[in-house]
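Read off the chains here:
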Amino acid sequence: MTTPTALAEDRTAPGRSPAPPSKLSASLRRLTALSRAELVLLVRNRSAIFLALVLPVVMIFSIRASLQQIDLAGTGLSIAGAALTGGIGIVLVQVVYMNLVTGYVTRREELVLKRLRTGEITDREILTATAVPSIALALLQCVLLVVAGAIAFDLSAPKRPELFLVGLVVGLVMMSALAAATSALTRTVQTSQLTTLPLFFVSLFGSGIFVPLDVFPDGLASVLELLPLTGVMTLVRHGWLGGVDGGDLLTAAVAALAWTAFAVFAVQRWFRWDPRG
């Protein structure tokens, strides 16, 4: 038997307003929408796509050529293993860092960032959504490198996949944050080609991308371990190829996380939303 209370609830049910979305779901919806728009812009920029896809491949062949001039005996690394893991470092620097510096500066100078801040979307969502397409492209290239290593170069799958993934994720976050921080020092899109060069060259020749740290003297290698990308490269390389003790992994993880924390702090402190006068 239907009670009066139930009938009253049935009559009022159609008039009830739906529950408001949670903050998390609203944030994810905004982030997804803006990330999709950024992805469309990236796909339409054929020159950026071409450079992001082709340059890392060219650099990997350059790494391999340079490694053929180096004695890797005693390092436990093969030329193919060192070249392909170095290729992941190239992807992090070129596809994420250098591409994102240009992206942030372009959005800032075109007043896109300033307009976005007038809506509901938060600063963190704006910065993250801008980085999503470059991160997605970098992840795709890293997967292709692992597949190419297994098929064409007879490398095994990552021996410690959890370590490999941790290094890759930390590297993506670090390079994205460093890109946002570098954009604060970059006046125009044209000058972004200059402001990104210091980290580019330091990472290529000092973080184990072109030359593994194992071939350097111990004193110099200890200094190079403090560079931003060195810890990430250590985690990625030994997560894929194996062969490192716990102390070295701890040092690499601490260095990578410290640089990531500094980069995030720099963004919070110095990132510029308005065009530079």
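You'll find the structure just up there.
In this report, we go over the structure that sits alongside the text. Not measured: the values here are computed from a predicted model. (Residues numbered from 1 in each chain as written. Predicted model: local features only at pLDDT ≥ 70, side-chain atom pairs only at ≥ 80, totals over all residues. Heavy atoms only, no water.)

**Describing the packing of helix H3 (residues 46-67) against helix H6 (residues 123-151)**
Counted only if it meets this: Throughout, an axis means a line fitted to C-alpha atoms (over the contacting stretch in the case of helices), and angles, computed between N-to-C directions, take values from 0 to 180 degrees. Secondary structure elements follow DSSP: runs of H or I of four or more residues count as helices, runs of E of two or more count as strands, with numbering from the N terminus. Left-handed describes a crossing in which the near helix is turned anticlockwise from the far one by less than a right angle; the clockwise case is right-handed. The criterion used for residue contact is that any of the two residues' heavy atoms lie within 4.5 Å. Each residue is assigned to one class: nonpolar for Ala, Val, Leu, Ile, Met, Phe, Trp, Tyr, Cys and Pro, charged for Asp, Glu, Lys and Arg, and polar for all the others, Gly among them.
At a closest axis distance of 11 Å, the pairing of H3 and H6 adopts a crossing angle of 35°. When you trace H3 past H6, the crossing you get is right-handed. Residues Ile49, Ala52, Leu53, Pro56 and Ile60 of H3 form the contact with H6, whose own contacting residues are Leu137, Gln141 and Leu145. Grouping the amino acids of the contact of H3 with H6 by side-chain chemistry returns 7 nonpolar, 1 polar and no charged.

**Brief notes about the pattern of salt bridges**
Heads up, the condition is: A carboxyl oxygen of Asp or Glu within 4 Å of a side-chain nitrogen of Lys or Arg is what we treat as a salt bridge. Summary of the burial criterion: residues with accessible area below 20% of their type's maximum are buried, those above 50% are exposed, and those between are partly exposed, where the area comes from a 1.4 Å probe applied to protein chains only.
Inspection of the entire model under this criterion finds 5 salt bridges. Salt-bridge contacts for Arg108 lead to Glu109; the nearest nitrogen and oxygen are separated by 2.8 Å. A residue is classified by how much of its surface remains accessible, and Arg108, at 1% relative accessible area, is buried. The partner of Arg160 in a salt bridge is Glu162, and the shortest N-O contact between them spans 3.2 Å.

**Digging into the packing of aromatic side chains**
Given two aromatic rings, their pairing is described by the distance between the two centres and the angle made by the two planes. The line we're drawing: Each Phe, Tyr or Trp ring (for Trp, its six-membered ring) is paired with any other whose centre lies within 6.5 Å, and the angle between the two planes then decides the class: stacked below 30 degrees, edge-to-face above 60, tilted in between.
In the structure shown here, the tally under the stated rule is 8 aromatic pairs. Their ring planes at 75° and their centres at 4.8 Å tell us that Phe271 and Trp273 sit as a pair that is edge-to-face. When sorted by exposure, Phe271 lands in the same class as Trp273, which is buried. Here the aromatic residues Phe200, Phe201, Phe205 and Phe210 are joined through ring pairs into a cluster of three or more.

**Details of helix H7 (residues 161-183)**
The criterion, for reference: Helices are assigned an expected span. That span is 1.5 Å times one less than the residue count.
Taking 1.5 Å of rise per residue, 23 residues should cover 33 Å, and H7 covers 33 Å from first to last C-alpha, within 8% of that figure. The buried fraction of H7 is high, at 17 of 23 residues.

**What to know about the side chain of Arg237**
We apply this condition: Only four residue types enter the tally: Lys and Arg on the positive side, Asp and Glu on the negative side; His and the chain ends are excluded.
In this fold, Arg237 is placed in helix H11 (residues 230-241). Here Arg237 occupies a buried position and makes no salt bridge, while the nearest side chain of opposite charge, Asp214, is found at 5.7 Å. Non-local contacts of Arg237, meaning those with residues more than four positions away in its chain, are made with Leu77, Ala82, Thr85, Gly86, Gly208, Ile209, Pro212 and Gly242.

**Side note on unusual backbone geometry**
Positive phi outside glycine occurs at Leu111, with the angle close to 65°. Turning to its location among the elements, Leu111 is positioned in the loop between helix H4 (79-109) and helix H5 (112-116). Here Asp154, not a glycine, exhibits a phi torsion of approximately 60°, which is positive. With respect to the helices, strands and loops of the structure, Asp154 is situated in the loop between H6 and H7. The class for Asp154 is exposed, based on a relative accessible area of 72%.

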